[in-house]
Amino acid sequence: MVFSLPWAFPICGQTTEFETRGFWGLVGAIACGLIVGLIMFLVGRRDNAPLLRKEALATVGLGWILAGIIGGLPYLFSGTMRTADEQMHMADAFFESVSGFTTTGASVLTHLEAPTAENPDVQKLIPRCVLFWRSFTHWLGGMGIIVLFVAILGQLGAAGKALMRREVPGPINETVRPRVRETATLMWLIYVGFSVILTVVLLLEGMSLYDALAHTFGTMATGGFSTFNASIGHFDSVLIEVTIGVFMIAAGTNFSLYYLVLHRSPGADRDTKWRLSRLAPIYRDPEFRVYAGILLVAAVLLTADLVWTQVYPSIAIAFRHASFMAVSIMTTTGFGTEDFNQWSDFSRGLLLLLMFVGGCSGSTGGGIKVIRFMLFFQTIRLEIEQAYRPHVVRPLKVFGVKVDNSLRHGVVVYFSIVFFLFASSWMTLAAIEPDTQWAALEENGDSTKLIDCASAVASSLNNIGPGLGVLGPHSNYADFSPQGKFLLTMLMLLGRLELFAILVLFVPTFWRSH
């Protein structure tokens, strides 16, 4: 029997049997999640026992993997089709789910759109409610599943602090709140506030509620899932592109700075509340200045190259697409307005480099983070100076504060692990992917397996989504083998959780009791 769901009409669309099957697929996945959660609660419950550091790491790492598995069930239960002839299997569902939660935005789905009056021949393969769930996983993962739990549950003390340190992206600024639950709650309130504002603005600019919510989730989480194959380019609206671009920049900024902007000390003059000086915590922040500077330089260089190579007829059009793609790639969102695979090698190479940079610490953006690059290059400068002035001891400073040697060492180790993972995963993916997958594309000059694999690894590890070659903004990861998708899925988790919460799971001594 097919049940009518009129209350779900605004989000899920027409209550056809196809859509209803998708709805009950979601319900079945929710039921499975509740059952698994209840079993784990009953088995793992203990009274007043402190959560150790190892347990916090395991909770974050295994929690995200479990979330990815359960989050993939709606695709399987609803019978979502990957292509017109093939249904999604476990590797596809796990890949799509983890891509959503980690805000990567990589996809194996080839047909997102439904038939319209303009395109009546389009075959509908994905229920709208499942497509909505796909975007909602972005929003949940953007600020972090564990952070949400800490905000709701509280009562965790030092354990909550350990969980947040392992799960919040980047070396977050700790000037916001000394109490972990208040910090987690504050982050989510700011996150929700931005999301509400963006949704309202997109509605005023002509989007439907469904599309406005879906693109808000992708923007604020710096994820990039869209409801259209052409992504933001589908709307062909400068106003929408500017709006989403501004909010992508905001999402890639340290959320701690927004608290400092909103917070007014008791002795502050009320008349200065809305003056420009109130924004001083943002524009005076060294990391934000570098972040904004990189975006500006990248946009200018891309514009100049696009005009020089005559990709676009005017500077205005070139700057429009160059600035949007620079922001989208560096903030690790992955929305697209144009197919940058048609751009020159210099432009595509610059976008590839921006993938590794990412947003600011304490943001929803992925990548290595701007603050780590600042520390890394300052460390190199000091080491060079030490070569010809060995007796001079100069401390490393950031934000005007002396940086401890342990953090300096940690940044160097982080860079080393990232590039080791990139190189080893690149070679592994190139080895396990069958050559027949790329043979036809290479013959036509549309792609190169080695470049595609490098781009896929860089995009997954830095939680970008689109890449070069077959992974362009209008393409996806459907051509990769199941084992390749599993490798890329693990790279998404490594990138989102700052490496260590996943890496420790593969160390045998981590599981020993002593």
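The rules behind each value
- Residues numbered from 1 in each chain as written.
- Predicted model: local features only at pLDDT ≥ 70, side-chain atom pairs only at ≥ 80, totals over all residues.
- Heavy atoms only, no water.
- Helix = DSSP H or I, 4+ residues; strand = E, 2+ residues; numbered from the N terminus.
- Buried < 20%, exposed > 50% of the residue type's maximum accessible area, 1.4 Å probe, protein only.
- Contact = heavy atoms within 4.5 Å.
- Areas by Shrake-Rupley, 256 points an atom, 1.4 Å probe, with all protein chains shown as cover.
- Salt bridge = Lys/Arg side-chain N within 4 Å of Asp/Glu carboxyl O.
- Core = buried A, V, L, I, M, F, W, Y, C linked by side-chain atoms within 4.5 Å.
- Phe/Tyr/Trp six-rings, centres within 6.5 Å; stacked < 30°, edge-to-face > 60°.
- Lys NZ or Arg CZ within 6 Å of the ring centre and 35° of its normal.
- Axes fitted to C-alpha atoms, helices over the stretch in contact; angles between N-to-C directions.
- Nonpolar A, V, L, I, M, F, W, Y, C, P; charged D, E, K, R; others polar.
- Patch = residues over 30% accessible without salt bridge, like charges linked within 9 Å, V, L, I, M, F, W, Y side chains within 5 Å.
- pLDDT = per-residue confidence, 0-100.
- Expected span 1.5 Å × (residues − 1).

We now examine the overall build of the chain. The helix and strand inventory of the chain stands at 22 helices and 2 strands. The buried share of the chain, reckoned over its 514 residues, is 53%. In the chain, the share of contacts with a sequence separation of at least 24, taken over all contacts with a separation of at least 6, comes to 70%. For the chain, the accessible area works out to roughly 23,900 Å², and carbon and sulfur atoms hold 66% of it.

Attention now moves to the pattern of salt bridges. A full pass over the atoms with the stated rule returns 10 salt bridges. With a shortest N-O distance of 2.7 Å, Arg320 and Glu241 are connected by a salt bridge. With Arg320 in helix H15 (residues 315-330) and Glu241 in helix H11 (residues 238-251), this pair connects stretches of sequence that are 79 residues apart. Glu385 serves as the salt-bridge partner of Arg389, at 3.4 Å between the closest nitrogen and oxygen.

Time to look at the nonpolar core. Formed by 128 residues in total, the largest nonpolar core has its most connected members in Ile244, Phe255, Tyr477 and Leu488. Sorting elements by how many residues they give to this core places helix H18 (residues 405-432) first, with 9 residues. Residues in contact with Tyr477, not counting those within four places in the same chain, are Phe95, Ala106, Ser107, Val108, Ala456, Ser459, Ser460, Gly465, Leu471, Lys485 and Leu488.

Another aspect to go through is the packing of aromatic side chains. All chains considered together, the criterion is met by 29 aromatic pairs. Summarising the aromatic geometry, the rings of Phe136 and Phe217 are spaced 5.4 Å apart at their centres and angled 65° between planes, so their arrangement reads as edge-to-face. Taken together, the positions of Phe136 in helix H6 (residues 128-143) and Phe217 in helix H10 (residues 209-220) put the pair 81 residues apart, joining distant regions of the chain. Arranged with centres 5.8 Å apart and planes meeting at 20°, the rings of Phe356 and Phe419 form a pair that is stacked. Here Phe356 is found in helix H16 (residues 345-357), whereas its partner Phe419 is found in helix H18, with 63 residues between them in sequence. An aromatic cluster is defined as three or more aromatic residues linked by ring pairs; in this entry it consists of Phe101, Phe132, Trp133, Phe136, Trp139, Tyr191, Phe194, Tyr210, Phe217, Phe247, Phe255 and Tyr258. Arg134 extends its terminal NZ or CZ atom over the ring of Phe225, reaching a point 3.8 Å from the ring centre.

Interhelical geometry of H15 versus H16 gives an angle of 35° and a closest axis separation of 8 Å. On H16, the residues touching Met325, Ala326, Ile329 and Met330 of H15 are Leu351, Leu354, Met355 and Val357. Class assignment for the residues of the contact of H15 with H16 results in 8 nonpolar, no polar and no charged.

A few words on the side chain of Glu241. Look at Glu241 and you get buried, because its relative accessible area is 5%. Excluding residues that lie within four positions of it along the chain, Glu241 makes contacts with Ile232, Arg320, Phe324 and Thr337.

This part covers the side chain of Ser481. Mapped onto the secondary structure, Ser481 falls in the loop between helix H20 (449-461) and helix H21 (482-496). With near-sequence residues (within four places) excluded, Ser481 lies in contact with Ile432, Glu433 and Pro434.

So, about unusual backbone geometry. At Gln310, a position not held by glycine, the phi torsion is positive, near 60°. Along the chain, Gln310 turns up in the loop between helix H14 (286-308) and H15. Note on Gln310: relative accessible area 68%, which makes it exposed. One non-glycine residue, Leu499, lies in positive phi territory at about 75°. Positionally, Leu499 belongs in the loop between H21 and helix H22 (500-503).

Taken together, the side chains of Val192, Val196, Val200 and Leu204 make up a nonpolar region of the molecular surface, amounting to roughly 360 Å² of accessible area. With respect to the secondary-structure elements, Val196 resides in helix H9 (residues 180-204).

One can find Ala251 in helix H11. For the pair Ala251 and Gly142, spaced 109 residues apart in sequence, the C-alpha separation works out to 9.3 Å. Other than its neighbours up to four places away in sequence, Ala251 contacts Thr219, Met220, Thr222, Ser363, Thr364 and Gly365.

This next bit is on the confidence of the model for the chain. Per-residue pLDDT for the chain averages 80, and the proportion of residues at 70 or more is 79%. No element of the chain has a lower mean pLDDT than helix H1 (residues 9-12), at 46, and none a higher one than H11, at 94. This stretch, residues 152-156, has a pLDDT under 50; its non-local contacts, to residues over four places away or in other chains, come to 7 contacts. Across residues 166-178, confidence stays below pLDDT 50; counting only partners more than four residues off in sequence or on other chains, it has 45 contacts.

Now for helix H3 (residues 53-71). Between its first and last C-alpha, H3 extends 27 Å over 19 residues, near the 27 Å set by a 1.5 Å rise per residue. All of the buried residues along H3 are Ala56, Leu57, Ala58, Val60, Gly61, Trp64, Ile65, Ala67, Gly68 and Gly71.

For Trp308, the location among the structural elements is in helix H14. Judged by relative accessible area, Trp308 falls into the exposed class, the value being 75%. C-alpha of Trp308 to C-alpha of Ser344: the two residues are 36 residues apart in sequence and 10.0 Å apart in space.

Looking now at H11. Counted at 1.5 Å a residue, the expected span for H11 with its 14 residues is 20 Å, and the 20 Å between its end C-alpha atoms agrees. Regarding H11, the residues found buried are Ile240, Glu241, Thr243, Ile244, Gly245, Phe247, Met248, Ala250 and Ala251.

Structurally, the position occupied by Gly349 is in helix H16. Measuring from C-alpha to C-alpha, the distance between Gly349 and Leu468 comes to 9.2 Å, with 119 residues separating the pair along the chain.

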